[in-house]
Amino acid sequence: MPEVINAKQLREQFQEVVDRVRRGGRFTVLYRNRPAFDIVPVGKPPLDSVPVESDPPYRATPVGASDSGDAATQNDEVLYE
């Protein structure tokens, strides 16, 4: 999930933002308190740059089968929160 920063923070911390994006970080920049644009790495970040704990499937709890379809719904809530 992208970190939210405002335009002033981007200007003041530009080099730090660039360094973090190069390591796989993502940012949503606010301008006048509204999302203006995202800053994302070019291409695919190296696997070791993203902690596994932040990966939604890693955090998913096991769910059993259900006749009512609850298992799929519960998985979607965990994976796409």
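Bear in mind the structure is a predicted one, so any value in this text is a computation, not a measurement. (Residues numbered from 1 in each chain as written. Predicted model: local features only at pLDDT ≥ 70, side-chain atom pairs only at ≥ 80, totals over all residues. Heavy atoms only, no water.)

**Quick look at the overall build of the chain**
At step 1: Check the secondary structure of the chain and you find 4 helices and 3 strands.
At step 2: Per-residue burial for the chain yields a buried fraction of 15% across its 81 residues.
At step 3: Across the chain, every contact between residues at least 6 apart in sequence was considered, and the portion connecting residues at least 24 apart equals 23%. (Helix = DSSP H or I, 4+ residues; strand = E, 2+ residues; numbered from the N terminus. Buried < 20%, exposed > 50% of the residue type's maximum accessible area, 1.4 Å probe, protein only. Contact = heavy atoms within 4.5 Å.)

**Re the pattern of salt bridges**
At step 1: The tally for this structure, following the rule as stated, stands at 3 salt bridges.
At step 2: The closest approach of N and O atoms between Glu12 and Lys8, which form a salt bridge, is 4.0 Å. Within this pair, Glu12 and its partner Lys8 are both found in helix α1 (residues 7–12), separated by 4 residues, close to a single helical turn.
At step 3: The class for Glu12 is exposed, based on a relative accessible area of 55%. (Salt bridge = Lys/Arg side-chain N within 4 Å of Asp/Glu carboxyl O.)

**A look at the nonpolar core**
At step 1: Counting 8 residues, the largest nonpolar core is built from Ile5, Ala7, Leu10, Val17, Val21, Phe27, Val29 and Ile39.
At step 2: Elements that contribute at least two residues to this core include exactly α1, α2 (14–22) and β2 (27–31). (Core = buried A, V, L, I, M, F, W, Y, C linked by side-chain atoms within 4.5 Å.)

**A look at the sheet that holds β2**
At step 1: With mixed pairing, the 3 strands of this open sheet are ordered in space as β1-β2-β3. At either margin of the open sheet sits one strand with a lone partner, and together these are β1 (3–6) and β3 (34–39). Neighbouring strand axes in the sheet, compared pairwise and without regard to direction, differ in orientation by 30° on average.
At step 2: Where β2 and β3 come together, 5 bridges link them in antiparallel fashion. Pairing of Val29 across the sheet is with Phe37, part of β3.
At step 3: Relative to β2, α2 is tilted by about 145°, and along the sheet it contacts β1, β2 and β3. (Pairing = 2+ DSSP bridges. Axes fitted to C-alpha atoms, helices over the stretch in contact; angles between N-to-C directions.)

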